[in-house]
Amino acid sequence: MRPQPARANVAAWVGATGSLSARLARAHPPFSVRVLQQGLAPAWPGEHDSLGLPAQAPLLAREVILFGNGAPLVFARSVTSMQAAHGAWRAIQGLGTRPLAHLLFSRSEIRRTPLEWQWLSIEHPQAREIARKWLAATDRPWLARGLWMRHSVFHRAGQALRVAECFLPRLVAAWPPTR
Ligand SMILES: C=C(O[C@@H]1C=C(C(=O)O)C=C[C@H]1O)C(=O)O
């Protein structure tokens, strides 16, 4: 059972559609993307199901931290099949530090499933992995007792890309930004 967001704006923020990058860039300029890793990676639980893939299908994962005004704000992990990484989602290969949003919100033929979100205690294996990567990349401990994780799946030419974004509770509680 997901704990209900503490405040209405938390639900509004975690459930906000549109580009997260654009929202952060407006509220906390300058905005930047730091790529932690991109390439063949083991799947997290549920990723193959989200993508409609068999359990052993090789996945390409892109993990980044989004920065605003010099501070780390969001950890994001996007996954797709290696086949799609050379097919409908091949543009990810050359994306570099440009936000993935460039590929997702500029094309009309891309369809996005509704956002789903959950609260993960810091004891959850994925939360522990995120906190470890966050510390290694930013030299800042996660500190919070958990995190809000949301995900949705983008479909293009019959191939799926799952995007998950993880938010610090204090960041989410202070959002959405007024600008
Ligand atoms: C999907 C978006 O792109 C953001 C940027 C990402 C990246 O560059 O890897 C991944 C997820 C998002 O937080 C968005 O801005 O909404």
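Residues numbered from 1 in each chain as written. Predicted model: local features only at pLDDT ≥ 70, side-chain atom pairs only at ≥ 80, totals over all residues. Heavy atoms only, no water.

What follows is about the site of the ligand. Near the ligand you find 18 residues, and of these Leu 20, Ser 21, Arg 62, Leu 100 and Glu 165 are the closest. Contact between the ligand and Leu 100: an oxygen atom at 2.9 Å from a main-chain N or O atom of the residue. Between the ligand and Ala 101 there is a distance of 3.3 Å, counted from an oxygen atom to a backbone nitrogen or oxygen. The fraction of the free accessible surface of the ligand (380 Å²) that becomes covered by protein chains is 100%. A total of 3 residues in the shell around the ligand trace back to one element, the largest contributor, which is strand S2 (residues 59-68). Across the shell around the ligand, the residue classes break down as 11 nonpolar, 4 polar and 3 charged. (Near = heavy atom within 4 Å. Polar contact = N/O pair within 3.5 Å; in protein donor to acceptor, adjacent residues only side chain to side chain. Areas by Shrake-Rupley, 256 points an atom, 1.4 Å probe, with all protein chains shown as cover. Helix = DSSP H or I, 4+ residues; strand = E, 2+ residues; numbered from the N terminus. Nonpolar A, V, L, I, M, F, W, Y, C, P; charged D, E, K, R; others polar.)

Moving on to the packing of aromatic side chains. According to the stated counting rule, one finds 3 aromatic pairs in the structure shown. Geometrically, the ring pair formed by Phe 105 and Phe 154 is edge-to-face, given 6.0 Å between the ring centres and 90° between the ring planes. Here Phe 105 is found in the loop between helix H5 (101-104) and strand S4 (111-112), whereas its partner Phe 154 is found in strand S6 (residues 146-156), with 49 residues between them in sequence. On the basis of relative accessible area, Phe 105 is assigned to the partly exposed category, the value being 40%. Of the residues examined, Phe 154 reaches a relative accessible area of 2% and is grouped as buried. Aromatic pair Trp 134 and Trp 142: ring centres 4.7 Å apart, planes at 80°, arrangement edge-to-face. A relative accessible area of 2% means that Trp 134 is categorised as buried. (Phe/Tyr/Trp six-rings, centres within 6.5 Å; stacked < 30°, edge-to-face > 60°. Buried < 20%, exposed > 50% of the residue type's maximum accessible area, 1.4 Å probe, protein only.)

Buried within helix H2 (residues 20-27) are the following residues: Leu 20, Ser 21, Arg 23, Leu 24 and Ala 27. Looking down the long axis of H2, one finds its buried residues gathered within 165° of arc, a one-sided arrangement. (Arc of directions from axis to C-beta.)

What follows deals with the environment of Leu 24. Locating Leu 24 in the fold gives a position in helix H2. Separated by 47 residues in sequence, Leu 24 and Ala 71 place their C-alpha atoms 11 Å apart.

Moving on, we get to the UniProt feature "binding site: substrate" (unreviewed entry) in the chain. Under the UniProt annotation, the feature "binding site: substrate" (unreviewed entry) is placed at Arg 62, Leu 100 and Glu 165. On the basis of their most widely separated C-alpha atoms, the annotated residues across 104 residues gather in one place, lying no more than 12.0 Å apart. For Arg 62, the position within the fold is in strand S2. Beyond its immediate chain neighbours, meaning those up to four positions away, Arg 62 contacts Val 33, Val 35, Gln 37, Gln 38, Ala 76, Arg 77, Ser 78, Ile 92, Leu 95, Gly 96, Arg 98 and Leu 100. Side chain to side chain, Arg 62 and Gln 38 meet in a polar contact 2.9 Å long. As for its position among the elements, Leu 100 is in the loop between helix H4 (82-85) and H5. (UniProt positions renumbered as here; feature names shortened; annotations may be inferred. Contact = heavy atoms within 4.5 Å.)

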